[in-house]
Amino acid sequence: MDRRVRVRFAPSPTGPLHIGGVRTALYNYLFAKKHGGDFLIRIEDTDQTRFVQGAEEYIIESLKWVGIPPVEGVGFGDGKHAPYRQSDRKPMYRQYVMQLIENGHAYYAFDTAEELEGMRERLKASNVDAKYDAITRTTMKNSLTLSEDEVQKRLESGDAYVVRFKLPRKEEVKFHDEIRGWVSFNTSQLDDKVLFKSDGMPTYHLANVVDDYLMEISHVIRGEEWLPSAPLHVLLYRAFGWEEQMPKFAHLPLILKPEGNGKLSKRDGDRLGFPVFPLNWVDPNTGEMSSGYREAGYLPEAVVNLLAMLGWNPGSNQEIFTMEELIASFSLERVSKSGAKFDQNKAKWYNQQYVRKLEDSALLPFLQTVLAENGLNTNFDENYCLKVCGLVKEKMSFTKEIWGISSYFFVDPASYDLAVIQKRWNEKIPALLKDIELGLDTLSSHEASAIEEVYNENLNKHGIAGKDFLQLFRVCLTGVAGGPPLFEIAALIGKEAVSRRIAHAIQEFNNI
Ligand code: GLU
């Protein structure tokens, strides 16, 4: 059966979206695009106790920023399966749970919290796995043990209940995972999960399966933490008689801590100083702030590229991929079964590659913002600023570094790398600098090559080795020991600035 590819990202709005979640969304997006299918977003908010204000908006904004917009779903426009928020779909789940009760795959359970606790205590005392299952259900208050009349009475009088899935005893549930191959679980390891509560709210398992079915999902691509739920989902498809429509499953490996032991957490980010969330997030309850890639200066293209490579490999040495290239090369077969270690330096490296690739005009707004912050925006025209962008971008990993790396194009150095001055300055330097200044003054064109010529002529005249002097000259003009080609800097800042800075250096260091 050739099915239209339809995949979904189904986050629960319980807090900011972890980058692992962004990667899940990205793989879904790539898979859908690759197969000409649909990528949709469904908000799974059935557990109202875990609802966090602002989380849904955060998720939507994150997908927009990263550049992987779903074609249907909350925040992205309704398709034919609207609504896409499970709390808005609440009335439609009851009929499905009734279907399961009627065909004997689910039952009402009336046990109180104390009774459940009592059962657990009893089982623990006898060293048995404490779970509601094929054996223990026979000792509890449910529609399998109570008379039909009693059940009716309880339902009519509004007693609180849950509906549990009637898990077959000791059955091997086998399914094919697109990443892991055949996976099998024995139902003796599982319990009779709650599917529905008397307040009319389904639980995650029921809502997830019913919605995937109704929304015609062809592939469920989600994090590894959901693998233990998959056998129940498979059994639910069978119980509904929907096996033909059951999606294929693909459980993605975890993103691991840099040291490799365990899942990458917010605490690792705090400890090692990198974000684990796409955007800044302020916890509405505690006011605690978590930093995001966007605000830390990452470009969305770099985040996409680095996340794509965390768990998937293209089968070649290529590391830099545009979105189009990712779509063309992505496949679930090349997603690894084992976890992918997060590498902070690699993340930075990716960003650097993308900053270098930016058009000068794309970097311009970042520069203009800091110029405005420093009250300098009216002093320099756009053309000048564009040239600065072109010169410095090779040296940057993050756009926010632009001022630190380019300020000397706009203001004379306020401080100097004294280690270089102390090492290189000697009594011959002032005369050499003065001659260079005089030589530059006679130039009609202030091009980098002409400046370099004047510089070389004077080095010869004074008998000073170029390799000893170049760095010193750089520090005199810019204050710092590294940067773009020096004669291009001199050409751009212009004759007057060069003269002024030379004069200032001579005055400052003459007696050193
Ligand atoms: N709501 C689940 C989550 O928060 C979705 C799991 C799934 O994709 O089935 O991750």
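The structure under discussion appears in the preceding block.
Basis of the calculations
Residues numbered from 1 in each chain as written. Predicted model: local features only at pLDDT ≥ 70, side-chain atom pairs only at ≥ 80, totals over all residues. Heavy atoms only, no water. Core = buried A, V, L, I, M, F, W, Y, C linked by side-chain atoms within 4.5 Å. Buried < 20%, exposed > 50% of the residue type's maximum accessible area, 1.4 Å probe, protein only. Contact = heavy atoms within 4.5 Å. Helix = DSSP H or I, 4+ residues; strand = E, 2+ residues; numbered from the N terminus. Pairing = 2+ DSSP bridges. Near = heavy atom within 4 Å. Polar contact = N/O pair within 3.5 Å; in protein donor to acceptor, adjacent residues only side chain to side chain. Areas by Shrake-Rupley, 256 points an atom, 1.4 Å probe, with all protein chains shown as cover. Nonpolar A, V, L, I, M, F, W, Y, C, P; charged D, E, K, R; others polar. Axes fitted to C-alpha atoms, helices over the stretch in contact; angles between N-to-C directions. Parallel < 35°, antiparallel > 145°, perpendicular 65-115°, else oblique. Left-handed = near helix turned anticlockwise from the far one by under 90°.

Asks: Where do I start with the nonpolar core in this structure?
Replies: In globular proteins that are soluble, nonpolar side chains generally tend to be buried together. Judged by nonpolar contacts, the single largest core of 157 residues is most densely connected at Phe342, Phe409, Phe410, Phe469 and Phe473. Aside from chain neighbours lying at most four places away, what touches Phe473 is Leu433, Ile436, Tyr455, Leu486, Phe487 and Ile502. Judged by nonpolar contacts, the second largest core, of eight residues, contains Leu116, Met119, Tyr132 and Met140.

Asks: What is the right way to look at the pairing of strand 5 (residues 162–165) in this model?
Replies: Side-chain alternation along strand 5 places Val162 and Arg164 on one buried face and Val163 and Phe165 on a second face that is also buried. Relative to strand 5, strand 4 (residues 106–109) is paired through four bridges, and the arrangement is antiparallel. By the bridge assignment, Ala109 is partnered in strand 5 with Val162.

Asks: I tried to follow the site of the ligand on my own but got confused; where do I start?
Replies: In the vicinity of the ligand, the residues found are Arg8, Ala10, Ser12, Glu44, Tyr204, Asn208, Arg222 and Trp226. At 2.6 Å, a side-chain N or O of Glu44 approaches a nitrogen atom of the ligand. Residue Tyr204 places a side-chain N or O atom 3.0 Å away from an oxygen atom belonging to the ligand. Coverage of the ligand by the protein chains reaches 85% of its 300 Å² of free accessible surface. Here the residues of the shell around the ligand sort into three nonpolar, two polar and three charged.

Asks: Even after reading the chapter, I still don't get the packing of helix 6 (residues 204–214) against helix 7 (residues 230–240), so can you show me in this structure?
Replies: The angle between the axes and the distance between the axes are what describe a pair of packed helices. Two numbers describe how helix 6 lies on helix 7: the axes approach to 10 Å, and their chain directions differ by 60 degrees. Classified by the angle their axes make, helix 6 and helix 7 are oblique. Crossing of helix 6 over helix 7 shows right-handed handedness. Counted together, Tyr204, His205, Leu206, Asn208, Val209, Val210, Asp212 and Tyr213 of helix 6 and Leu232, His233, Leu236, Tyr237 and Phe240 of helix 7 form the full contact between these two elements. A class-by-class count of the residues in the contact of helix 6 with helix 7 yields nine nonpolar, three polar and one charged.

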